[in-house]
Structures are given as C-alpha cells and as structure tokens.
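This is what each chain is made of:
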Amino acid sequence: MGCTTTPLVAEAPCAQVRRAVDGVLLLDKPLGLTSNAALQAVKRLFRARKAGHTGTLDPLATGLLPILFGEATKFAFLLLESEKAYLARVLLGSTTTTGDAEGAIVERRPVRVAAQDVEQVLAQFRGEIEQLPPMYSALKHAGRPLYEFARAGQHLERRPRRVRIESLELVDLNSECLDIRVRCSKGTYIRTLAEDIGAALGTGAHLGGLRRVATASWRIERALTLERLAAMGEAERAACLQRPEVLLGELPRITLGATDADGIRHGRACAGQGQRPGRYGLFDPEGGLIGIGEVSGDGQLHPRRLLRAAEFARSAQPAEKHRETL
C-alpha cells in the first residue's frame, strides 16, 4: 500500500512516552488475535494515548479492522453503522457448540448438494432477514456478554433482530466446503448465517473461516499487517495515518462562516443554511473540519460531535503544526 497522506504526528525522542495521535489506520487483523489484542499492538507501535477499533472480529476471523486514534474516535459510530463485506467459508455436514470451528462438533450429517441447490438456498437469505443472535457473542445481557453465560452452560432467551443482506454470492463449492461472499448491514452475524444456510440445505453447517474485505468504502487492499507496521520507522508509520475527516465518507457537508463556526465550536446552534434535516460534516471557512452537526426539523444546526481543537482539523496545515503532546 502506498502511503501518501501527511503525517499527523512527528517522531518523539522517547519510545516509552505516550503521545496524542489523531487519525485512522486500516489494519489487516491476523488470525488468532482478538480485535482488542490487535488494537493494543497497534497502539503500542504508535505510542498513542487513545485508540479504538470499529467492528469486532473474532480471533477466527481476519481482515479489515479500522483503528481510530485520538479525535477520530469521536466519529467511530459512522463506521459502526456502515455496511461490511466478508468472504466466508461454510463447512457443511457438521454443527458445533459455538457455530464456528472453535466449538465442539454436536452433529454430523451427510452432504449431497449441488451448486444449484446452494443458489436456491442463498436466494432465501438476500434482503431483510431475521437472525437470532448466537449465545457465543459479545451482545450484553444484564451487563455481561452472552458468551460468559454460554461458557457457564446457560442458554438465555434472545430476541431475533432484523438485518439486511445486500448481496450473497456463491464463490465456490467443493465437497463439504462452501465459500460465499456477503455484503451486509451492521449487526449481521455471519456465524448465524452459516448455520442457517446449513439448516436450509438440510446438512447442518458451521463457520470455518471468515475474512472481512470491506467496511463502508474501504477495501482490504489498502490495509496494513502488524508485521509491516512493526518493520516501519516511526515517521513512515505516521505517514500511513489518514485524517479524521475521511470517516465522514459521503456525509453531506456544510461550510460555515467564521461567526457560526465559532458558535458551533462553543456548543451553540445556528441557522442550518436551508439544509434538510439530518447529519452533516461541518467545516470552517478555511476548510478545517469542525465536527458533525445535525439540522433539526426547525432548520437549526446543532453541534453533535466536535473535534477538540481547530489544529487537528485543518487539512491544509503543515504536519509540524500538528503538535505532539508528551
């Protein structure tokens, strides 16, 4: 991947000192690591004070995991709400306790299906569907993730949730191995989808492997591995950060005058310039990102998520003006 964006932070003399870093990094999460472990590894490499990820990937899964640093974390909800795309390997003929390859096999069945059978079944899952969240998930009940109850042998009542499968394609069918490509809404459990496909085929199934290949408009081809990041010098790593405004994506934008920009930064509403109700990216007269605002039904523009200071928002500023805080 070619990194051509301007660094947001300069190299610091002390590798042990945490610093303020603001920006977005696209990570290719490796197999076997939790999303949090991958996040902590990246955070240490950048010596960042604050960082988070958007959209958990299980240890079994690999692929695109956007890492947000500093002020960029304020816009995490935009990615959490976005569509995701996956390549999934569904192993037909066996079900497991967890719905994936990490669980113990519960049942085996013979597999006699053709590509035509699979295509007919996949058609049933396109569009809006209902899914029952798996017990082995991070979904909370009484403040605790469901997987804690599952590990204790407890199975709780769960409500089905509606999700949307934008596209579902057969990539390959080889004996008991079914490869599919999925583009779906937030909240979709690919493990559950694999199990439901197996049930519809009459063979049973579990998820054998998963790779996230896209989040919103970002593709896995732009992501960096932990190994590559570790091999870089600090300045080279910093140059791979993208600025927080890339998280706005296709969100419509409003450029404010100096007076309104100052008012918004201080938490005051202003006229919405005749824009329709909804969210907007807000910019000052010099093109600096202020944050995200929302136009209400009465035409007023209200601040919702604001950057800490103007210095982090000005795309035109030289990198040396983005001060490092030690």
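Our subject is the structure listed above.
Residues numbered from 1 in each chain as written. Predicted model: local features only at pLDDT ≥ 70, side-chain atom pairs only at ≥ 80, totals over all residues. Heavy atoms only, no water.

This part takes up the sheet that holds strand 18 (residues 300-306). Taking strand neighbours across the sheet as the criterion, the five strands line up as 14-16-17-18-15 in an open arrangement whose pairing is mixed. What marks the edges here is a single partner per strand, and that holds for strand 14 (253-255) and strand 15 (270-271). With six bridges joining them, strand 16 (residues 278-283) and strand 17 (residues 289-295) adopt antiparallel strand pairing. Looking at the pairing, Y280 lines up with G293 of strand 17. (Pairing = 2+ DSSP bridges. Helix = DSSP H or I, 4+ residues; strand = E, 2+ residues; numbered from the N terminus.)

Attention now goes to the environment of L170. Topologically, L170 is positioned in strand 10 (residues 161-174). Exposure remark for L170: the relative accessible area of 22% places this residue in the partly exposed category. Considered as a pair, L170 and A115 are 55 residues apart in the sequence and their alpha carbons are 8.2 Å apart. Non-local contacts of L170, meaning those with residues more than four positions away in its chain, are made with A115, V118, E119, L122, L178 and D179. (Buried < 20%, exposed > 50% of the residue type's maximum accessible area, 1.4 Å probe, protein only. Contact = heavy atoms within 4.5 Å.)

We now examine the pairing of strand 12 (residues 205-215). Buried residues dominate strand 12, accounting for nine of its eleven residues. Direction of pairing for strand 3 (residues 61-69) relative to strand 12: parallel, over a ladder of three bridges. Along strand 12, the bridge assignment pairs T62 with R211. For strand 4 (residues 84-92) and strand 12, the ladder comprises nine bridges, and the chain directions are antiparallel. Residue pairing in the sheet places A85 in a bridge with A214 of strand 12. In this sheet, strand 13 (residues 218-219) lies alongside strand 12 in antiparallel orientation, the contact comprising two bridges.

The subject of this paragraph is the layout of surface pockets. Empty space within the largest pocket amounts to approximately 1100 Å³. Contributing to the lining of the largest pocket are 35 residues, with T56, L57, D58, A138 and Y189 lying nearest its centre. Every element with two or more residues in the lining of the largest pocket is listed here: helix 1 (35-46), strand 4, helix 4 (146-151), helix 5 (190-201) and strand 12. The dominant element in the lining of the largest pocket, judged by the number of residues it contributes, is strand 12, at three residues. Residues of the lining of the largest pocket, tallied by class, amount to 15 nonpolar, eleven polar and nine charged. In terms of lining, the second largest pocket is formed by 19 residues, of which the most central are T96, T97, T98, G99 and E195. (1 Å grid on protein atoms, 1.4 Å probe; cavity = no way out; pocket = protein on both sides within 12 Å on 5 of 7 lines; lining within 4 Å. Points joined across faces, edges and corners; volume = space filled by probe spheres on them. Nonpolar A, V, L, I, M, F, W, Y, C, P; charged D, E, K, R; others polar.)

A few words on the side chain of R212. For R212, the position within the fold is in strand 12. Buried and unpaired, R212 has no salt bridge, with D58 as the nearest side chain of opposite charge at 8.7 Å. Only 3.1 Å separates the side chain of R212 from the backbone oxygen of G55, close enough to count as a polar contact. Residues in contact with R212, not counting those within four places in the same chain, are T54, G55, T56, L57, T62, G63, L64, L65, K84, A85, Y86 and I220. (Lys, Arg positive; Asp, Glu negative; His and termini not counted. Salt bridge = Lys/Arg side-chain N within 4 Å of Asp/Glu carboxyl O. Polar contact = N/O pair within 3.5 Å; in protein donor to acceptor, adjacent residues only side chain to side chain.)

Okay, the packing of aromatic side chains next. The relation between two aromatic rings is expressed through the spacing of the ring centres and the mutual angle of the planes. The tally for this structure, following the rule as stated, stands at one aromatic pair. Ring geometry for F46 and F69: centres 4.9 Å apart, planes at 45 degrees, overall tilted. Of the two residues, F46 sits in helix 1 while F69 sits in strand 3, which places them 23 residues apart along the sequence. The positively charged end of R144 is found above the aromatic ring belonging to F149, 4.2 Å away from the centroid. (Phe/Tyr/Trp six-rings, centres within 6.5 Å; stacked < 30°, edge-to-face > 60°. Lys NZ or Arg CZ within 6 Å of the ring centre and 35° of its normal.)

Let us now look at the pattern of salt bridges. For the coordinates displayed, the defined rule picks out 17 salt bridges. R211 is the salt-bridge partner of D28, the closest N and O atoms lying 2.8 Å from each other. Of this pair, D28 sits in strand 1 (residues 23-29) while R211 sits in strand 12, and the two are 183 residues apart along the sequence. The salt bridge partner of E83 is R183, with a shortest N-O separation of 2.7 Å. Of this pair, E83 sits in the loop between helix 2 (76-80) and strand 4 while R183 sits in strand 11 (residues 177-184), placing them 100 residues apart in sequence. Look at the salt bridges and you will find they share partners, linking R19, R47 and E234 into a network.

Here we come to the side chain of D284. The topology assignment puts D284 in the loop between strand 16 and strand 17. For D284, a relative accessible area of 3% corresponds to the buried category. From its side chain, D284 meets the backbone nitrogen of E286 in a polar contact 2.9 Å long.

With that settled, consider the packing of helix 3 (residues 115-123) against helix 5. Packed helix pairs are characterised by how far apart their axes lie and by the angle those axes make with each other. For the pair helix 3 and helix 5, interaxial distance at closest approach is 10 Å and the crossing angle is 125 degrees. Overall, the two elements helix 3 and helix 5 adopt an arrangement that is oblique. Crossing geometry of helix 3 relative to helix 5 is assigned as right-handed. On helix 5, the residues that touch D117, V118, V121 and L122 of helix 3 are I197, A200 and L201. Classifying every residue of the contact of helix 3 with helix 5 gives six nonpolar, no polar and one charged. (Axes fitted to C-alpha atoms, helices over the stretch in contact; angles between N-to-C directions. Parallel < 35°, antiparallel > 145°, perpendicular 65-115°, else oblique. Left-handed = near helix turned anticlockwise from the far one by under 90°.)

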